[in-house]
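Tertiary structure, described
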Amino acid sequence: MTSLPTKEIRTLECKQRAVRAVRFNPDGNYCMTCGSDKSLKLWNPHNGLLLKTYVGHGYDVLDARSSVDNAQLCSCGADKQIVLWDVATGQILRKYRGHAGKVNCVCFNEESTVIFSGSIDASVYVWDCRARKMEPIQIMNEAKDSVSSIQVSDTEILTGSVDKYIRRYDIRNGKMVADCIGQPVTSVNFTKDGQCTLVSSLDGRLRLLDKDTGELLGEYSGHSNTQYVIDNCLNEKDTHVISGSEDGKIYFWDLIEGSVTTTDKVGTGAVHSVSFHPLEACMISASEDKVHIWREPSHEPDG
């Protein structure tokens, strides 16, 4: 029986005005919160400790990721910029400019040597963190509307766009495959086994697609998502699909059966960002100006 994180063990008062996104780092020991006060904060969510605040964006910070070695962070924002940070010193290592509008999403490649950024200008830019040049090394402009979400595996780039398509770029052979969802796409994810993609859209549905054939394997509904970008994710074992919701709850569905197994009530405001620990039954969510940390019901806090 899979244990789900339905017990709230801690609330972080982020003091960043609205928290636009919350993200675990690759090993799940830390998390980043993106603020509408232009700040990026690094936390230990397991003890509630604020570790560092990063200031340098001109407007809201909209997304952030940690490098695989935890030495660097990348973030993007409404100021059209992507910023590469040194975690320890808080210094800005690079500022990448080129997008014509706000940058919605950002992602490292597996080695954390390349940053991918998706923008309201309907393009994905690729930036080499090691190069001296500050220009993008590639621009992917197949989307016809805002790029809302981006994920990267070892061989593929997955993007979701408001133009109702998800696109998968194979890094090895340069091919692009597009699947029409029929509704504006707000969030995309790979399953852990890399065989499927999980897609959220503004008709209040999540869809599980076979990555190679595009076949619809599962559909999940019951939550509310018709206005905002709402994150989805999968739990650490790929047994459950998880999504925030505009009704102030977090929804869990059985991946195979497609039924809602449980919900976490957070508050009245939309739960727009969720992130799952890579190895444990632990989840973080963002709603309004707070971040909530969730564990399985049997979890006892340390100390």
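Here's what I pulled together on the structure shown here. Note that this is a predicted model, so its numbers are computed, not measured.

Conventions and cut-offs
Numbering of residues starts from 1 in each chain and follows the order in which that chain's sequence is written. Per-residue local features are limited, in this predicted model, to residues with pLDDT of at least 70; the limit for side-chain atom pairs, both in listing and counting, is 80 or more; totals at the level of whole chains, interfaces and linings are taken over all residues. As a rule here, side-chain values come from all non-hydrogen atoms in the structure, and water together with hydrogens is ignored. Secondary structure is summarised from DSSP: a helix means a run of H or I of at least four residues, a strand means a run of E of at least two, and numbering begins at the N terminus for each. To get the radius of gyration, use the C-alpha atoms; to get the globule rule, take the number of residues to the power 0.38 and multiply by 2.2 Å. In this scheme, a residue with accessible area under 20% of its type's maximum is buried, one over 50% is exposed, and one in between is partly exposed, where area comes from a 1.4 Å probe on protein chains only. The contact criterion used is simple: two residues touch if any of their non-hydrogen atoms lie within 4.5 Å. Calculation of accessible area relied on Shrake-Rupley with a 1.4 Å probe; when residues are assessed, cover is drawn exclusively from the protein chains displayed. Here, nonpolar core refers to any group of buried Ala, Val, Leu, Ile, Met, Phe, Trp, Tyr and Cys residues whose side-chain atoms link them within 4.5 Å. Here is the rule: rings of Phe, Tyr and Trp (six-membered ring for Trp) pair when centre to centre is within 6.5 Å. Planes less than 30 degrees apart are stacked, more than 60 are edge-to-face, and the remainder are tilted. In this description, strands pair whenever DSSP reports at least two bridges between them. The axes used here are C-alpha line fits, helices contributing only the stretch in contact, and every angle between their N-to-C directions lies in the interval 0 to 180 degrees. In the sections that follow, a salt bridge refers to a side-chain nitrogen of Lys or Arg positioned within 4 Å of a carboxyl oxygen of Asp or Glu. Here a polar contact is recorded for every N or O atom pair within 3.5 Å, except that within protein the pair must consist of a potential hydrogen donor and a potential acceptor, and residues adjacent in sequence are included only if both atoms are side-chain atoms.

Moving on to the overall build of the chain. The helix and strand inventory of the chain stands at 0 helices and 28 strands. Here the C-alpha radius of gyration of the chain, 18 Å, is about what a compact globule of 303 residues would show, namely 19 Å. Based on the C-alpha atoms only, the size of the chain along its principal axes is roughly 50 × 45 × 30 Å. Going through the 303 residues of the chain one by one, you find that 57% of them count as buried. At a minimum sequence separation of 6, the contacts of the chain that also span at least 24 residues come to 42%. Accessible area of the chain: about 12800 Å², with a carbon and sulfur share of 46%.

Another point: the nonpolar core. In this structure, Phe 116, Met 140, Ile 150 and Ile 157 are the most contacted members of the largest nonpolar core, which totals 14 residues. Listing elements by their share of this core, those giving two or more residues are strand E10 (103–108), strand E11 (114–119), strand E12 (124–128) and strand E14 (147–152). Looking at this core, the element that brings in the most residues is E14, giving 3 residues. Look past the residues within four positions of Met 140 in its chain and what remains in contact with it is Phe 116, Ala 122, Ser 123, Val 124, Val 126, Ile 157 and Tyr 169.

Bringing the packing of aromatic side chains into the picture now. What describes a pair of aromatic rings is the distance from one ring centre to the other and the angle between the planes of the rings. The full count for this structure, using the stated rule, is 5 aromatic pairs. Plain terms: the ring middles of Tyr 125 and Trp 127 are 5.5 Å apart, the flat faces sit at 35 degrees to each other, and that makes the pair tilted.

Attention shifts here to the sheet that holds strand E27 (residues 282–287). The strand order across the open sheet formed by 4 strands is E1-E28-E27-E26, and the pairing between neighbours is antiparallel. Each edge of the open sheet carries a strand with a single partner, namely strand E1 (7–13) and strand E26 (271–276). Direction aside, the axes of adjacent strands within the sheet are offset by 20 degrees on average. Inspection of the sheet shows E26 paired to E27 by 5 bridges, in the antiparallel sense.

This next bit is on the pairing of strand E5 (residues 49–55). Both faces of the sheet carry side chains from a regular strand, because those side chains alternate between them. In terms of strand pairing, strand E4 (residues 39–44) meets E5 through 6 bridges, oriented antiparallel. Residue pairing across strands places Asn 44 opposite Leu 49, the latter belonging to E5. Hairpin connection of E4 to E5: 4 residues between the antiparallel strands, including Gly 48 at a positive phi of 80 degrees.

Here we take up the environment of Arg 205. Inspection of the secondary structure assignment puts Arg 205 in strand E20 (residues 205–210). Residues Arg 205 and Gln 183, spaced 22 residues apart in sequence, show a C-alpha to C-alpha distance of 9.5 Å. With residues up to four places along the chain from it excluded, the contact list for Arg 205 reads Val 199, Ser 200, Glu 219, Tyr 220, Ser 221 and His 223.

Taken together, the 4 strands give an open sheet; going across it, the order is E18-E19-E20-E21, and neighbouring strands pair in antiparallel fashion. Strands at the two margins of the open sheet, each flanked by one partner only, are strand E18 (185–190) and strand E21 (216–221). The mean angle between the axes of side-by-side strands here comes to 20 degrees, regardless of whether they run parallel or antiparallel. One ladder, built from 5 bridges, connects E18 with strand E19 (residues 196–201); its direction is antiparallel. By the bridge assignment for E19, Phe 190 is matched with Thr 197.

Here the focus is the pattern of salt bridges. By the definition in use, this model includes 14 salt bridges. Across the salt bridge formed by Lys 211 and Glu 156, the nearest N and O atoms sit 2.8 Å from each other. Of this pair, Lys 211 sits in the loop between E20 and E21 while Glu 156 sits in strand E15 (residues 156–161), and the two are 55 residues apart along the sequence. Judged by relative accessible area, Lys 211 falls into the buried class, the value being 14%. One salt-bridge network, held together by shared partners, links Asp 203, Arg 205, Arg 207 and Glu 219.

The next point concerns the side chain of Ser 39. Here Ser 39 shows up in strand E4. Within polar-contact distance, the side chain of Ser 39 engages the side chain of Asp 37 at 2.7 Å. Those residues within four positions of Ser 39 in sequence are excluded, and the remaining contacts are Gln 16, Thr 33, Cys 34, Thr 53, Tyr 54 and Val 61.

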